[in-house]
Amino acid sequence: MPTNKIGILGFGCVGQGLYDVLQENHQLEVARICVRDKNKERKLPASAFTFDAQELLQDESLVILTELISDPAEALTLIRQALEAGKTVVSANKKAVAENLPELIALQQKYGSRLLYEAAVCGSIPILRTLESYYADEPMQEVNGILNGSSNYILTRLDTEGISYKEALQQAQELGFAEADPTLDVGGYDALHKICIIAAHAFGVVVDVREVLRFGIESITTEDVDLAHKLGARIKLVASAKYTAAQQLQVQVLPTFVWPDNELYYVQNEFNGVQLEAKYAGKQFLKGRGAGSHPTGSAVWADVSAALKGYKYTYPKLKPAPAAPATNTLQLYIRSKGDFPIPDIKWEEVVSFGVSHEAVQLVGVVKKEELLRHQATLESRSTFVVEVPEALSAMEFIQKALQQERVVA
Ligand SMILES: NC(=O)c1ccc[n+]([C@@H]2O[C@H](COP(=O)([O-])OP(=O)(O)OC[C@H]3O[C@@H](n4cnc5c(N)ncnc54)[C@H](OP(=O)(O)O)[C@@H]3O)[C@@H](O)[C@H]2O)c1
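Residues numbered from 1 in each chain as written. Predicted model: local features only at pLDDT ≥ 70, side-chain atom pairs only at ≥ 80, totals over all residues. Heavy atoms only, no water.

Trainee: Mind showing me how you'd approach the site of the ligand here?
Mentor: Around the ligand lies a shell of 23 residues, among which Phe11, Asp37, Lys40, Arg42 and Gly292 are the nearest. Between the ligand and Cys13, the relevant distance is 2.9 Å, taken from an oxygen atom to a main-chain nitrogen or oxygen of the residue. Within the side chain of Asn93, a nitrogen or oxygen atom sits 3.3 Å from an oxygen atom of the ligand. If the ligand stood free it would expose 900 Å²; the protein chains cover 82% of that surface. The residue makeup of the shell around the ligand, split by class, is 10 nonpolar, six polar and seven charged. (Near = heavy atom within 4 Å. Polar contact = N/O pair within 3.5 Å; in protein donor to acceptor, adjacent residues only side chain to side chain. Areas by Shrake-Rupley, 256 points an atom, 1.4 Å probe, with all protein chains shown as cover. Nonpolar A, V, L, I, M, F, W, Y, C, P; charged D, E, K, R; others polar.)

Trainee: So what exactly am I meant to see when it comes to the confidence of the model for the chain here?
Mentor: In low-pLDDT segments, the atomic positions of the prediction should not be examined closely. When the pLDDT values of the chain are averaged, the result is 93; 97% of them are 70 or greater. Every residue in residues 405-409 is under pLDDT 50, and counting partners more than four places away or in other chains gives one contact. (pLDDT = per-residue confidence, 0-100. Contact = heavy atoms within 4.5 Å.)

Trainee: Would you take a moment to explain the environment of Gly15 for this structure?
Mentor: The residue Gly15 is located in helix α1 (residues 13-25) in this model. Looking at Gly15, the relative accessible area reads 0%, which means it is buried. For the pair Gly15 and Leu362, spaced 347 residues apart in sequence, the C-alpha to C-alpha distance is 46 Å. In contact with Gly15, not counting residues within four places along its chain, are Gly10 and Leu68. (Helix = DSSP H or I, 4+ residues; strand = E, 2+ residues; numbered from the N terminus. Buried < 20%, exposed > 50% of the residue type's maximum accessible area, 1.4 Å probe, protein only.)

Trainee: How should I be thinking about unusual backbone geometry in this particular structure?
Mentor: For residues besides glycine, phi is generally negative; the peptide bonds are generally trans as well. A positive phi angle is found at Cys122, which is not glycine, with a value near 65 degrees. Relative to the elements of secondary structure, Cys122 occurs in the loop between β6 (114-116) and α6 (127-134). Judged by relative accessible area, which is 0%, Cys122 ranks as buried. Positive phi outside glycine occurs at Tyr315, with the angle close to 45 degrees. Inspection of the secondary structure puts Tyr315 in the loop between α12 (293-308) and β13 (329-337). Judged by relative accessible area, which is 7%, Tyr315 ranks as buried.

Trainee: What is the right way to look at the sheet that holds strand β5 (residues 88-91) in this model?
Mentor: Spatial ordering of the open sheet is given by β3-β2-β1-β4-β5-β6, a layout of six strands whose pairing is parallel. Strands with a single pairing partner mark the edges of an open sheet, and in this sheet they are β3 (49-50) and β6. Pairing between strand β1 (residues 5-9) and strand β2 (residues 29-34): four bridges, direction parallel. Its bridge partner lying in β2, Lys5 is registered against Glu29. Contacting β1, β4 (62-67), β5 and β6, α12 runs over the sheet at an angle of about 150 degrees to β4. (Pairing = 2+ DSSP bridges. Axes fitted to C-alpha atoms, helices over the stretch in contact; angles between N-to-C directions.)

Trainee: How should the domain arrangement of the chain be read in this particular structure?
Mentor: Quoted interface sizes are often the accessible area lost when the parts come together. The assigned domain composition of the chain is domain 1 (5-120), domain 2 (127-287) and domain 3 (329-402). Relative to domain 2, the C-alpha centre of domain 1 lies at a distance of 28 Å. The largest contributions to the domain 1 side of the interface with domain 2 come from Lys94, Ala98 and Glu118, which together make up 48% of the buried area. Our count for the contact surface shared by domain 1 and domain 2 stands at one salt bridge. Notably, a salt bridge pairs Asp190 with Lys94, separated by 3.3 Å at the nearest N-O pair. Scanning the region where domain 1 abuts domain 2 turns up six residue pairs in polar contact (both at pLDDT 80 or more). Elements with a contribution of two residues or more to the side of domain 1 that touches domain 2: α4 (94-99) and α5 (101-111). When the residues that make up the side of domain 1 that touches domain 2 are grouped by side-chain class, the tally is six nonpolar, no polar and four charged. (Domains from an automatic or database assignment. Buried area = accessible area lost by both parts, 1.4 Å probe. Salt bridge = Lys/Arg side-chain N within 4 Å of Asp/Glu carboxyl O.)

So, in structure tokens, the structure goes:
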């Protein structure tokens, strides 16, 4: 018999946010909440909790299950089991979804179950539903954005306060904008998972996360930030998916110089921003809170509410075969500790403009495969890699980079 009971797996930042939203709108009754730690203090009585996820998974009276735990491997196991049992599941777990999308789509088709995951991509920004429903039939040309609030908060502090990366990271951790282990955020992995999910909904292309070009912001120095100021730009961690001239889908996560004519320039602090370019509608921009208890709880609630009215993803553009990785070139600024040359990268063209015993700075054009081949070495040597949009030539870049500071009388 249908009930109005919802099951919640996980009662951390997102689980509690969802719980608060549910308390205010009184539409669903919360069945038990599953957590892991038996000794943790909770704001609800012990009777509200279970430590056995199976209690919720086997409960036939639940109309919907929300998966909001912090362990991606366990999350995947629970989502799989729920989908195989024909259930409707809402998840916020980007890693579990991005790395297993073909399987999760196949399970929904086979068992008639449903999985929604708007909260996994940019928290409160309704990007997936916009791509799935509004743009179901219109070809997309590009989706790009700032998809990770922690790294954007750090970059904003560097840009506005002139402090070091280490100090900015510490501030972000103290304010709860970055995890104790920030690798997923500052290394670009979180943005990578999100852009891969976006690519499936925007372009119908399931991308293998292991083949996507990804650099993070860990190696940024105040020198790089000063350079961006001289250029009149900001450095942002930009994730993008777009068609190349050869009609291949190019997906990447890279620190990028962004100028004031780009909406992303104004996305500061912990905010996220996504730019869409559709064939006929043209360009659009969405900005909002990409994380946090209530913003993310709101996104989970929006999925729950839609699912209960029968909504499901139809993956309207899904292509039958996975896409071959795009072959393209990139124009990059690279700053590396130590002497020239940085690993023996084969550049299409390259100009160095700052060579000292401490560091080498250069601008050049390189094939993506070549960059991927040297990625591990570059990262191990704390090399900072930033994309320079092709609209600015290497010579213009260097002229601006080397211009003298204007003296203000
Ligand atoms: N935080 C955000 O702003 C945000 C935004 C978008 C998406 N997400 C995603 O949302 C999910 C939850 O994130 P969160 O920030 O809410 O994490 P969190 O604050 O660390 O809370 C995680 C919750 O999951 C429970 N848990 C962990 N492993 C479990 C297991 N094996 N079985 C049962 N319960 C388990 C924990 O139990 P205990 O309470 O017993 O420790 C805790 O209640 C993650 O996938 C995250 O990537 C988070």
